[in-house]
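Topology and contacts: notes
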Amino acid sequence: MFALTLLILAQSGGPTCITVDGTRVCGYDCKSVGGEARCAQTPAGVCETGGGTTIVCFDPPVWLSRVMSIPKPKCVWRGAKGACGYDCKTQGDSVGCAQTPRGRCITAYDRVACADPPAVAYGVHGDSPPSPTCLAREGLVACGYACLSSGPELSCAETPWGVCAVLGSKVQCFDPDEQVICAGGKDTPKPTCKTFGDRIGCGYGCVDRGGVIACAATPAGKCDDFMAGAPACFDPPVRGGSEQCLSVLGAR
C-alpha cells in the first residue's frame, strides 16, 4: 500500500524522493549528479543539472500563487555556473535570472543585473505589474523604477509609485510604505521631492523651514511650518486594501 501511495503521488505531480550515496532528499523535480541530489521545495520549482557536476534549484516566491498561475521557470548555464528563474541572461562568466515573471535582467560590464517588481506591486496589479528598468553607467548598474543618474551616483525607486530626485551629484529616492500602496491601490498618489540648499526631501506635503525639509510619509499626512523652528509632520494610521493585496503581503 505504501509503494502504491508513492506511485500515485509521483504520477499526480506530487513530491518525490531520491537517494544518492546513502542520502535521501525529497521535494519536486528532484535531480542527482556526481553524488549530489537536490529537489525544489514547491510544485512550481525547478532543478536542473549542468556542467556535469552541478545542480541548481529554484522556487518562485510562494506568495506569487495568490495572483497568478506561475509560469515554469527556466535555467541558464555558463560552464558549471547556473541560475534559474525568469528573463535569464548570461554575460561573460556571469549568469542571472529574475525571481518573478515580470522581473527583468540586463547585461552590462560583463555581468548580469536583475530586478523584480515587489510583492505589493503584484498585490495591486495582479499578474501584470509594471516591470522595472535598469541604468548602466561607468561600471555601475542600478535597477528599479524612476531611475536617475548624476555624476557617480545611480539610484532607483523600489516600487512603481516611488520617485527619485537629483541635486548636484546626489540622487535620492523615496517609496511609499507598502501598507500605503496596498490601501491606495493603483490610485496611490505619487510622492514628490523638494530641494532646499544642498538637501533633498521626498514624501507628501513637503515643506522647508530653517534649512530643514520635512515630508509626511502618507498621502493623508500633514506637515506644518507655521511656527518658528523645524517643521512638524503627522501621519494618521493607514488601513484598508484589496483582499488580493493584503493576501500577498500576508503570505510573504
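The coordinates are above.
Owing to the predicted nature of the structure, the values given are computational and were not obtained by experimental measurement. (Residues numbered from 1 in each chain as written. Predicted model: local features only at pLDDT ≥ 70, side-chain atom pairs only at ≥ 80, totals over all residues. Heavy atoms only, no water.)

**A few points about the overall build of the chain**
Along its length, the chain carries four helices and 20 strands. Taken over the C-alpha trace, the chain has a radius of gyration of 23 Å; the compact-globule value for 252 residues is 18 Å, which it surpasses by more than 25%. By its C-alpha atoms, the chain is 80 × 45 × 30 Å across when sized along the principal axes. Relative to its 252 residues, the chain shows a buried fraction of 40%. A total accessible area of about 13,000 Å² is found for the chain, and carbon and sulfur atoms account for 51% of it. Distance from the positive charge centre (22 side chains) to the negative charge centre (23 side chains) of the chain: 2 Å. (Helix = DSSP H or I, 4+ residues; strand = E, 2+ residues; numbered from the N terminus. Rg over C-alpha atoms; globule rule 2.2 N^0.38 Å. Buried < 20%, exposed > 50% of the residue type's maximum accessible area, 1.4 Å probe, protein only. Areas by Shrake-Rupley, 256 points an atom, 1.4 Å probe, with all protein chains shown as cover. Lys, Arg positive; Asp, Glu negative; His and termini not counted. Charge placed at Lys NZ, Arg CZ, Asp CG, Glu CD.)

**Some details on the pairing of strand β3 (residues 36-40)**
As defined by bridge partners, strand β2 (residues 23-33) adjoins β3 across four bridges and the pair is classed as antiparallel. Bridge pairing links tyrosine 28 to alanine 40 in β3. Where β2 hands over to β3, the hairpin turn is made up of two residues, of which glycine 34 adopts a positive phi near 55 degrees. (Pairing = 2+ DSSP bridges.)

**Some remarks on the state of the cysteines**
Linking two cysteines covalently through their sulfur atoms gives a disulfide. Within the structure shown, the criterion is met by 13 disulfides. The disulfide partner of cysteine 17 is cysteine 26, and the S-S distance across this bridge is 2.0 Å. Taking the sign of the torsion about the S-S bond as the criterion, the disulfide between cysteine 17 and cysteine 26, at about 105 degrees, is right-handed. A residue is classified by how much of its surface remains accessible, and cysteine 17, at 32% relative accessible area, is partly exposed. With a sulfur-sulfur separation of 2.0 Å, cysteine 30 is cross-linked through a disulfide to cysteine 39. The sign of the S-S torsion, about 110 degrees, decides the handedness of the disulfide formed by cysteine 30 and cysteine 39: right-handed. Of the two residues, cysteine 30 and cysteine 39, neither departs from the other in class, the shared state being buried. (Disulfide = S-S within 2.5 Å.)

**Here we look at the side chain of aspartate 175**
Among the secondary structure elements, aspartate 175 is positioned in the loop between β15 (170-174) and α3 (178-184). Buried and unpaired, aspartate 175 has lysine 190 as its nearest opposite-charge partner, separated by 8.1 Å. Side-chain polar atoms of aspartate 175 contact the backbone nitrogen of glutamate 158, separated by 2.8 Å. Among the polar contacts made by the side chain of aspartate 175, one reaches the side chain of threonine 159 at a distance of 2.8 Å. (Salt bridge = Lys/Arg side-chain N within 4 Å of Asp/Glu carboxyl O. Polar contact = N/O pair within 3.5 Å; in protein donor to acceptor, adjacent residues only side chain to side chain.)

**Brief notes about the sheet that holds strand β18 (residues 212-216)**
By way of backbone hydrogen bonds, the strands of a sheet pair with one another, either parallel or antiparallel. Here three strands make up an open sheet; going across it, the order is β16-β17-β18 and the pairing antiparallel. Since the sheet does not close on itself, it has two edges, and those belong to β16 (192-196) and β18, each with one partner. Strand after strand, the sheet turns through a mean of 15 degrees between neighbouring axes, direction not considered. Pairing between strand β17 (residues 199-209) and β18: four bridges, direction antiparallel. Bridge pairing links tyrosine 204 to alanine 216 in β18. (Axes fitted to C-alpha atoms, helices over the stretch in contact; angles between N-to-C directions.)

**Regarding unusual backbone geometry**
The backbone of aspartate 87 sits at a positive phi, close to 50 degrees, despite the residue not being glycine. Within the secondary structure, aspartate 87 sits in strand β7 (residues 81-91). Despite not being glycine, aspartate 110 shows a phi value in the positive range, around 60 degrees. Its location among the elements puts aspartate 110 in the loop between β9 (104-108) and β10 (111-115).

**Focus: the environment of cysteine 193**
By secondary structure assignment, the location of cysteine 193 is in strand β16. For the pair cysteine 193 and glycine 34, spaced 159 residues apart in the sequence, the C-alpha separation amounts to 55 Å. Discounting chain neighbours no more than four positions away, the residues touching cysteine 193 are Val163, Ala165, Ile200, Gly201 and Cys202. (Contact = heavy atoms within 4.5 Å.)

**Some thoughts on the sheet that holds strand β1 (residues 16-20)**
The strand order across the open sheet built from three strands is β1-β2-β3, with neighbouring strands paired in antiparallel fashion. Of all the strands in the sheet, just β1 and β3 have a single pairing partner and so form its edges. Put simply, the sheet's adjacent strands are angled 40 degrees from each other on average, direction ignored. Here β1 runs beside β2; their pairing, made up of five bridges, is antiparallel. Residue pairing for β2: cysteine 17 is matched across the bridge by cysteine 26.

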